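Summary of structural features
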Amino acid sequence: TQTPENVNMYLSQPKFMDTLLKQPGSQPMDTLESIKEDLVASKPLTFEDCVAWAKLRFAELFRNQVAQLLFNFPPDQLTSTGQPFWSGPKRCPKPIEFDSSNEVHMGFVIAAANLRAHVYSLKGRTDVEYL
């Protein structure tokens, strides 16, 4: 998304609003809503907030989006020619539930939480035991 870039431009460029308001359609309002979301509504105040956000991102990326894809294209889906949709280079994905005992899952959460903490000038942590 463009949100981090838009937030930085909003904070650093005096003419950002003038430029933004010249954009077509609902783009100015959509951009302002996303900036408000990042700077006010969902701004983390603690590292724990960043961890909670990272766990939500994990669920969104690896469970929710995959489940939506499978809803639209079920494992037994056929193409218009009668061939299996999930074949060749397209392998059927499986939604992943977060598992705190899985090192890869925890690595994602730690990395994402620390990146978000850094963006908001919060002190991060890397010790898995803390999470």
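Turning our attention to helix H5 (residues 103-119). With 17 residues, H5 ought to run about 24 Å at 1.5 Å a step, and its terminal C-alpha atoms sit 24 Å apart, in line with that. Along H5, the residues classified as buried are His105, Met106, Val109, Ile110, Ala112, Ala113, Asn114, Arg116 and Ala117. Where the residues of H5 are buried, they touch helix H4 (47-72). Structurally, the start of H5 carries an N-cap: the backbone nitrogen of Val104 is 2.8 Å from a side-chain oxygen of Asn102. Positive phi appears at Ser121, one or two residues downstream of H5, with a value of about 55°.

On to the environment of Pro84. With respect to the helices and strands, the residue Pro84 is situated in the loop between H4 and H5. Residue Pro84 is classed as partly exposed on the basis of its relative accessible area of 40%.

Residues Phe47, Cys50, Val51, Ala54, Val109, Ala112, Ala113 and Ala117 constitute the largest nonpolar core, which totals eight residues. Among residues more than four places away in sequence, those in contact with Ala54 are Phe108, Val109, Ala112 and Ala113.

Our next topic: the environment of Thr126. For Thr126, the position within the fold is in the segment after H5. Judged by its relative accessible area of 63%, Thr126 falls in the exposed class. For the pair Thr126 and Asn114, spaced 12 residues apart in sequence, the C-alpha to C-alpha distance is 7.8 Å. Aside from chain neighbours lying at most four places away, what touches Thr126 is Ile110 and Asn114.

A separate point is the layout of surface pockets. Here the largest pocket is characterised by a volume of approximately 590 Å³. Forming the boundary of the largest pocket are 18 residues, of which Pro4, Asp38, Trp53, Arg116 and Tyr120 lie nearest the centre. When residues of the lining of the largest pocket are traced back to their parent elements, those giving at least two are helix H1 (3-12), helix H3 (27-41), H4 and H5.

Right, let's get into the packing of aromatic side chains. One pass over the full model with this rule turns up seven aromatic pairs. Centroid distance Phe58 to Phe62: 4.9 Å. Interplanar angle 55°. Geometry classified as tilted. You can see Phe58 and its partner Phe62 sitting in helix H4, four residues apart, about one turn around the helix. We classify Phe62 as partly exposed; its relative accessible area is 29%. Their ring planes at 10° and their centres at 4.5 Å tell us that Phe73 and Phe85 sit as a pair that is stacked. One end of the pair, Phe73, is in the loop between H4 and H5; the other, Phe85, is in the loop between H4 and H5, with 12 residues separating them in the sequence. Connected via pairs of aromatic rings, a cluster forms that spans Phe58, Phe62, Phe98 and Phe108.

What counts and how
Residues numbered from 1 in each chain as written. Predicted model: local features only at pLDDT ≥ 70, side-chain atom pairs only at ≥ 80, totals over all residues. Heavy atoms only, no water. Helix = DSSP H or I, 4+ residues; strand = E, 2+ residues; numbered from the N terminus. Expected span 1.5 Å × (residues − 1). Buried < 20%, exposed > 50% of the residue type's maximum accessible area, 1.4 Å probe, protein only. Contact = heavy atoms within 4.5 Å. Polar contact = N/O pair within 3.5 Å; in protein donor to acceptor, adjacent residues only side chain to side chain. Core = buried A, V, L, I, M, F, W, Y, C linked by side-chain atoms within 4.5 Å. 1 Å grid on protein atoms, 1.4 Å probe; cavity = no way out; pocket = protein on both sides within 12 Å on 5 of 7 lines; lining within 4 Å. Points joined across faces, edges and corners; volume = space filled by probe spheres on them. Phe/Tyr/Trp six-rings, centres within 6.5 Å; stacked < 30°, edge-to-face > 60°.

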